[in-house]
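# A closer look at the structure
Chain by chain, the residues:
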Amino acid sequence: MEMRLEVVQVPVADVERSKAFYVEQLGFVLDHDVEHIPGMRVVQLTPPGSAASIVIGTGMTGMVPGSLEGLQLVVEDLAAVRAELLRRGAEVSEAQDLGGVQFAHLADPDGNRWVLQGATPPQ
């Protein structure tokens, strides 16, 4: 049996504001922005280099905007990615070393919280 996590819903209040944040500040790729049925808008966005995407929109979830936390984006060079995100206008915490693994934190305009994790070499 095989299962792949490919799409995660992120609850947002303002789709346009969130779409701009994810594309312009975080550099996510806009895969599509469609209204499948009246009242159901699906905006799919993919982090650069990721096999998994997020969806924001309307009419899809009962989650409260800003209630998602802990999604991790693993990056090769945390310092470089953090610097690029800051340059793009995103607010990213200082990196923290937690037992040999580097982490930084950020939130989208609604307060959904993300973690940047520096990649660790295989043991």
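## Let's talk about helix H1 (residues 15–25)
Those residues of H1 not exposed but buried are Val 15, Ser 18, Lys 19, Phe 21 and Tyr 22. Along H1, the residues classed as buried sweep out an arc of 160° about the axis, all on the same side. Looking at the buried residues of H1, the elements they touch are strand E2 (29–37), strand E3 (40–46), strand E4 (53–58), strand E7 (102–107) and strand E8 (113–118). Residue Asp 14 occupies the N-cap position of H1, its side-chain oxygen lying 3.2 Å from the main-chain nitrogen of Glu 16. Positive backbone phi, at 80°, marks Gly 27, one or two positions downstream of H1.

## A few points about the sheet that holds strand E6 (residues 96–97)
The sheet built from 4 strands is open, its strands ordered E5-E8-E7-E6 with mixed pairing. Edge strands, defined here as strands with exactly one partner in the open sheet, are strand E5 (69–75) and E6. The pairing of E7 with E8 spans 5 bridges and is classified as antiparallel. For Leu 106, the partnering residue across the bridge sits in E8 and is Trp 114. Against the sheet, helix H2 (residues 78–87) touches E5, E7 and E8, its axis set at about 20° to E7.

## Some words on the pattern of salt bridges
One pass over the full model with this rule turns up 10 salt bridges. In this structure, Arg 4 engages Glu 6 in a salt bridge whose closest nitrogen and oxygen atoms are separated by 2.7 Å. Residue class for Glu 6 comes out partly exposed when judged on its relative accessible area of 37%. When salt bridges that share partners are traced, they join Glu 16, Lys 19, Asp 33 and Arg 41 into one network.

Definitions and limits used
- Residues numbered from 1 in each chain as written.
- Predicted model: local features only at pLDDT ≥ 70, side-chain atom pairs only at ≥ 80, totals over all residues.
- Heavy atoms only, no water.
- Buried < 20%, exposed > 50% of the residue type's maximum accessible area, 1.4 Å probe, protein only.
- Helix = DSSP H or I, 4+ residues; strand = E, 2+ residues; numbered from the N terminus.
- Arc of directions from axis to C-beta.
- Contact = heavy atoms within 4.5 Å.
- Polar contact = N/O pair within 3.5 Å; in protein donor to acceptor, adjacent residues only side chain to side chain.
- Pairing = 2+ DSSP bridges.
- Axes fitted to C-alpha atoms, helices over the stretch in contact; angles between N-to-C directions.
- Salt bridge = Lys/Arg side-chain N within 4 Å of Asp/Glu carboxyl O.

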